[in-house]
Amino acid sequence: MLALIRNNVVDLPTNLSLSYLWCGGFMVSFFLVIQVVSGVILSFLYVADSGMSFGCVLDFTNESLFVWLTRYFHIWGVTFIFLLLLMHMGRSLYYSSYTKIGVWNVGFILYILMMIEAFLGYVLPWHQMSYWAATVLTSILNSIPIIGPSLFKFIVGGFSVTNVTLVRVFSAHVCLAFVIIGLSVIHLYYLHKNGSNNPLFVSGGYSDVVLFHSYFTNKDGFILIFLGVVFCLAMLLSPDFVLDLESYIQADPLVTPVSIKPEWYFLAFYAMLRSIESKLGGLILVAAFLFLLWLPTYNNSCSYFLDRQFLFWAGTSLFFLLTYLGACHPEFPYVVISKVSSFLIIFILFLFKGLWVIPYSSSDFYFLRF
């Protein structure tokens with residue numbers, strides 16, 4: 001065990017040119033540990049019942065200082081995870097790290113599972129917004145041809161979101177957390193097996209590497225302390241900043257909120273979904289975006305090429321725009337802008353992944369040449 005840790009942490013040969021952007025994976029892992037530990041503690045206190053869950057979650061803030069801290073550690077932890085995850089994936093796209101197929105495939109699966117896990121956790125407090133967000137999302141699943149109705153009944157457990165759904169969501173939320181931990185280990189295995197990308201695109205020669213400790217442990221430690229301070233300040237100074245006002249209203253199936261919206265890290269996808277009049281059309285649009293986001297290709301172009309940078313930053317700007325539009329009320333002109341932005345970001349992502357591409361049969365020669 002000590003030899004394994006030493007070979008993968010202490011004496012790991014690492015390229016000298018890695019910047020602070022390469023600290024994202026370690027930071028995500030750190031906050032993932034916070035989520036699992038705080039989630040296990042909260043699972044001992046949580047009651048999965050539609051009549052008691054809301055009161056149970058509110059009581060967490062009055063129980064004791066320890067339980068209060070545990071709950072808000074869990075709330076703010078997911079926010080920091082997705083902030084770091086978006087930066088981590090953005091860096092991977094910018095530097096074409098998706099050419100590392102094993103690492104990229106496992107990482108993308110992790111991203112999808114983390115979104116599912118976050119949504120399941122969002123439903124558990126059983127407040128107005130979580131209940132209606134679950135109702136909207138499951139109704140979209142019901143629109144899938146052939147398998148949609150069966151999939152809807154399997155997930156919901158009936159004809160609508162009820163207590164049965166809440167019990168299933170709680171069970172899936174707990175189990176999926178350990179699946180994510182296992183996939184994180186596999187992600188790390190592929191990373192150390194194939195090596196990491198670097199901003200100078202230097203091949204994996206030993207003339208350009210240093211040992212991971214202490215050069216990169218100091219970098220990771222500095223970022224960890226910095227984010228820890230920001231995390232604690234945000235949680236203590238404004239604990240409810242990331243919560244919606246509807247979070248303090250118990251779920252009522254007879255009262256629909258004026259504007260239903262998910263958490264901020266789902267807003268871009270939500271804007272895509274509701275920009276199309278058809279539920280199935282919106283689902284296809286999101287699926288197309290995720291497919292192009294995942295698609296691994298070999299690019300015969302440097303990341304610093306001006307045209308490639310223009311496509312990257314244009315796509316990034318559109319993603320932030322869709323995040324803002326997802327929080328707006330679904331009316332003119334927000335819906336029209338969402339529709340145009342959704343098709344445009346898919347087209348830009350297609351160009352980003354498709355231009356300057358070389359066949360996989362030539363990939364070995366490409367990496368030998370560079």
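Parameters at a glance
- Residues numbered from 1 in each chain as written.
- Predicted model: local features only at pLDDT ≥ 70, side-chain atom pairs only at ≥ 80, totals over all residues.
- Heavy atoms only, no water.
- Domains from an automatic or database assignment.
- Contact = heavy atoms within 4.5 Å.
- Buried area = accessible area lost by both parts, 1.4 Å probe.
- Salt bridge = Lys/Arg side-chain N within 4 Å of Asp/Glu carboxyl O.
- Polar contact = N/O pair within 3.5 Å; in protein donor to acceptor, adjacent residues only side chain to side chain.
- Helix = DSSP H or I, 4+ residues; strand = E, 2+ residues; numbered from the N terminus.
- Nonpolar A, V, L, I, M, F, W, Y, C, P; charged D, E, K, R; others polar.
- Buried < 20%, exposed > 50% of the residue type's maximum accessible area, 1.4 Å probe, protein only.
- Axes fitted to C-alpha atoms, helices over the stretch in contact; angles between N-to-C directions.
- Parallel < 35°, antiparallel > 145°, perpendicular 65-115°, else oblique.
- Phe/Tyr/Trp six-rings, centres within 6.5 Å; stacked < 30°, edge-to-face > 60°.
- Lys NZ or Arg CZ within 6 Å of the ring centre and 35° of its normal.

Trainee: Help me out: how do you make sense of the domain arrangement of the protein in this one?
Mentor: Interface size is commonly expressed as the accessible surface area that is lost when the partners come together. What the domain assignment lists for the protein is domain 1 (16–198 + 210–254) and domain 2 (261–355). Just the C-alpha atoms count here: the centres of domain 1 and domain 2 sit 21 Å apart. Taken together, the 31 residues of domain 1 in the interface contact 28 residues of domain 2. Of the roughly 2800 Å² buried between domain 1 and domain 2 on both sides combined, carbon and sulfur atoms contribute 71%. For domain 1, the biggest contributors to the area lost against domain 2 are Tyr-94, Tyr-98 and Ile-140; these three give 23% of the whole. Where domain 1 packs against domain 2, one counts zero salt bridges. Where domain 1 packs against domain 2, one counts six residue pairs in polar contact (both at pLDDT 80 or more). Sort the elements by how many residues they give to the side of domain 1 that touches domain 2 and helix α5 (residues 101–123) lands first, with 10 residues. When its residues are assigned to classes, the side of domain 1 that touches domain 2 shows 23 nonpolar, seven polar and one charged.

Trainee: Could you clarify how one ought to interpret the side chain of Glu-246 in this entry?
Mentor: Relative to the helices and strands, Glu-246 resides in the loop between α9 (212–237) and α10 (267–275). Contact partners of Glu-246, with chain neighbours within four places excluded, come to His-127, Gln-128, Met-129 and Pro-257.

Trainee: Quick question: what am I supposed to make of the pattern of salt bridges here?
Mentor: Two side chains with opposite charge may pair up if their charged atoms get near one another. If you walk through the whole model with that rule in mind, you get one salt bridge. The partner of Glu-277 in a salt bridge is Lys-339, and the shortest N-O contact between them spans 3.2 Å. Of the two residues, Glu-277 sits in the loop between α10 and α11 (279–294) while Lys-339 sits in helix α13 (residues 334–354), which places them 62 residues apart along the sequence. Using a relative accessible area of 68% as the deciding quantity, one classes Glu-277 as exposed.

Trainee: Before we go on, may I ask you to explain the packing of helix α7 (residues 148–156) against helix α8 (residues 163–194) in this structure?
Mentor: Between two packed helices, both the angle of their axes relative to each other and the distance between the axes serve to describe the pair. Where α7 meets α8, the axes come as close as 8 Å, and the angle between the chain directions of the two elements is 80°. Looking at the two axes, α7 sits roughly perpendicular to α8. When α7 is examined against α8, the residues Lys-153, Phe-154, Ile-155 and Val-156 are found in contact with a partner set consisting of Val-164, Thr-165 and Arg-168. A per-class count over the contact of α7 with α8 returns four nonpolar, one polar and two charged.

Trainee: Even after reading the chapter, I still don't get the packing of aromatic side chains, so can you show me in this structure?
Mentor: Each aromatic ring pair is described using two quantities: the centre-to-centre distance and the angle formed by the ring planes. Using the criterion set out here, one finds 31 aromatic pairs in the structure. Plain terms: the ring middles of Phe-31 and Phe-231 are 5.4 Å apart, the flat faces sit at 55° to each other, and that makes the pair tilted. Residue Phe-31 is located in helix α2 (residues 24–45), and its partner Phe-231 is located in helix α9; the two are separated by 200 residues in the primary sequence. Since its relative accessible area comes to 1%, Phe-31 is described here as buried. Taking the centre distance of 6.2 Å and the plane angle of 55° together, the rings of Tyr-94 and Trp-313 count as tilted. Taken as a pair, Tyr-94 in helix α4 (residues 65–94) and Trp-313 in helix α12 (residues 306–326) lie far apart in primary sequence, 219 residues in all. Using a relative accessible area of 47% as the deciding quantity, one classes Trp-313 as partly exposed. Members of the aromatic cluster, each reached through a chain of ring pairs, are Trp-22, Tyr-94, Tyr-95, Tyr-304, Phe-312, Trp-313 and Phe-352. A cation over an aromatic ring shows up here: Arg-91 above the ring of Trp-22, its NZ or CZ 4.5 Å from the ring centre.

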